[in-house]
Amino acid sequence: MSADPKEFDGWYVTSSYEEFVKMEGVPLYEGSYLEDLSTLPLSDWERGGGNAKAAYTRLGNQETNGLQIVEIPPKGELKAEHHMYDEVMFVLKGRGATTLWQEGEPKHTVEWDEGALLALPLNAWHQEFNASSDEPCRLLFGSNLPQVLNLYHNRDFIFNNPYVFRDRYSNNLQNFFSDKGRRRKAKVYETNFITDVRKFELDPLPEGGYRTEVMRISMASTILGIHIKSIAEGTYTNAHRHPGGAHVMVITGEGYELLFMPGEEKKRQKVLTKPYSVIGPKDNEFHHHFNTGKGPYVQLAFRGGPARYGLGRRNQHKQETSFQDEDPHSYSFKISYEKEDPSIREEYYGELEKRGITLRLPPIDQD
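Scope of this entry: the structure provided in the associated data block. (Residues numbered from 1 in each chain as written. Predicted model: local features only at pLDDT ≥ 70, side-chain atom pairs only at ≥ 80, totals over all residues. Heavy atoms only, no water.)

Attention now moves to the packing of aromatic side chains. Per the stated rule, a full pass over the model turns up 23 aromatic pairs. Geometrically, the ring pair formed by phenylalanine 176 and phenylalanine 177 is edge-to-face, given 4.8 Å between the ring centres and 80° between the ring planes. In this pair, the class of phenylalanine 176 matches that of phenylalanine 177, namely buried. Between tyrosine 236 and tyrosine 337, the aromatic rings sit 5.3 Å apart at their centres with planes inclined by 80°, giving edge-to-face as the arrangement. (Phe/Tyr/Trp six-rings, centres within 6.5 Å; stacked < 30°, edge-to-face > 60°. Buried < 20%, exposed > 50% of the residue type's maximum accessible area, 1.4 Å probe, protein only.)

Following this line, the structure appears as structure tokens:
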């Protein structure tokens, strides 16, 4: 029996995630860089209700993790929903509240302002409200929705599943959102709500670059990797790479990012960044973070590799918390300052000179 190519084209599904976004009727932004999520054009989002607007992303040519940007009109609210994918919410602008509950249990409300980071426990009901009477609020949802949709390709299972994960969230878990959390070890913190990530205390990350700090955040037992990183004035990080799926968003300061594939350092792409710019490096694509402003350059990242749960890779925790510069096949390989193209630092110092910034990195040891 001969095959009909046209029949195959109608049968084969290239991406359940892309099909889902088409059904949502909102934009899907692709590439490796978006200039400003706070002003990104959105479209009416019927499923969200109440004249809400939304868009999704597919950055870094991958469908493991993604972002959804949602805008709620003044005095507006989203329809309540629950879902079988992990999700964490960041407040890009505005103020409001999220109400959360499990079926048959009392509701709990968390109020938030710009800069807040809130965990949405797996398959628990949640609903967002705009507290302003005259200004819209804009929210960012980081999730593994693309991966889950491609795994099950069944919207009913994902959005109407009755299973209740009471081990993840329940009214019996006291102070779930009011507890400030706890430091599990250096550079690892567990919490379910941060009122303002711009003010969160970080730990030194000398292996990531000079005068660099970080904190990996574990929230509501999700399998999302989240971290807050700060690059000091007059500083940039080592070039590093990892599997695709990371979304690195600037929340404070200004600078630029360099991206290039292994062996193509001379073909590097440079993108300028400011608050709410985001980059999504491709699988194994090297990237630097350069601070060209006065004061810290702070980033919030959504990615794979959760702080609490290992994924079975040998020495994974060591590799994720201490970038490797000896084995190019390691999970998180970096290029040390000594081994990078010298023109990278020359270009950076030129940018600092234009802005009157006198801070510099220590001289490179040539021995």
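On we go.
The next subject is helix α6 (residues 342-354). Along its 13 residues, α6 runs 19 Å from first to last C-alpha, staying within 8% of the 18 Å computed at 1.5 Å per residue. Looking only at α6, the buried set comprises Ile344, Arg345, Tyr348, Glu351 and Leu352. The arc that holds the buried residues of α6, viewed along the axis, is 120°, so those residues lie on one side. Along α6, the residues that are exposed and aim more than 90 degrees away from the buried face are Pro342, Glu346, Glu353 and Lys354. (Helix = DSSP H or I, 4+ residues; strand = E, 2+ residues; numbered from the N terminus. Expected span 1.5 Å × (residues − 1). Arc of directions from axis to C-beta.)

Attention now moves to the sheet that holds strand β10 (residues 125-130). The three strands lie next to each other as β8-β7-β10, forming an open sheet whose pairing is antiparallel. Looking at which strands have only one partner, the edges of the open sheet turn out to be β8 (108-112) and β10. Taking the axes of each pair of neighbouring strands and ignoring which way they run, one obtains an average angle of 20° across the sheet. Here strand β7 (residues 96-101) pairs with β10 via six bridges, running antiparallel. By the bridge assignment, threonine 99 is partnered in β10 with glutamine 127. (Pairing = 2+ DSSP bridges. Axes fitted to C-alpha atoms, helices over the stretch in contact; angles between N-to-C directions.)

Soluble globular proteins: nonpolar side chains tend toward being buried together. Core analysis: the biggest nonpolar cluster contains 67 residues, and Leu37, Phe90, Leu117 and Met249 have the highest contact counts within it. Top contributing element to this core by residue count: strand β6 (residues 87-93), with five residues. Non-local contacts of methionine 249, meaning those with residues more than four positions away in its chain, are made with Leu37, Phe90, Leu92, Leu140, Tyr276, Ser277, Val278, Val298, Gln299 and Leu300. Grouped together as the second largest cluster of nonpolar side chains are 10 residues, Leu258, Leu352, Ile357 and Leu361 included. (Core = buried A, V, L, I, M, F, W, Y, C linked by side-chain atoms within 4.5 Å. Contact = heavy atoms within 4.5 Å.)

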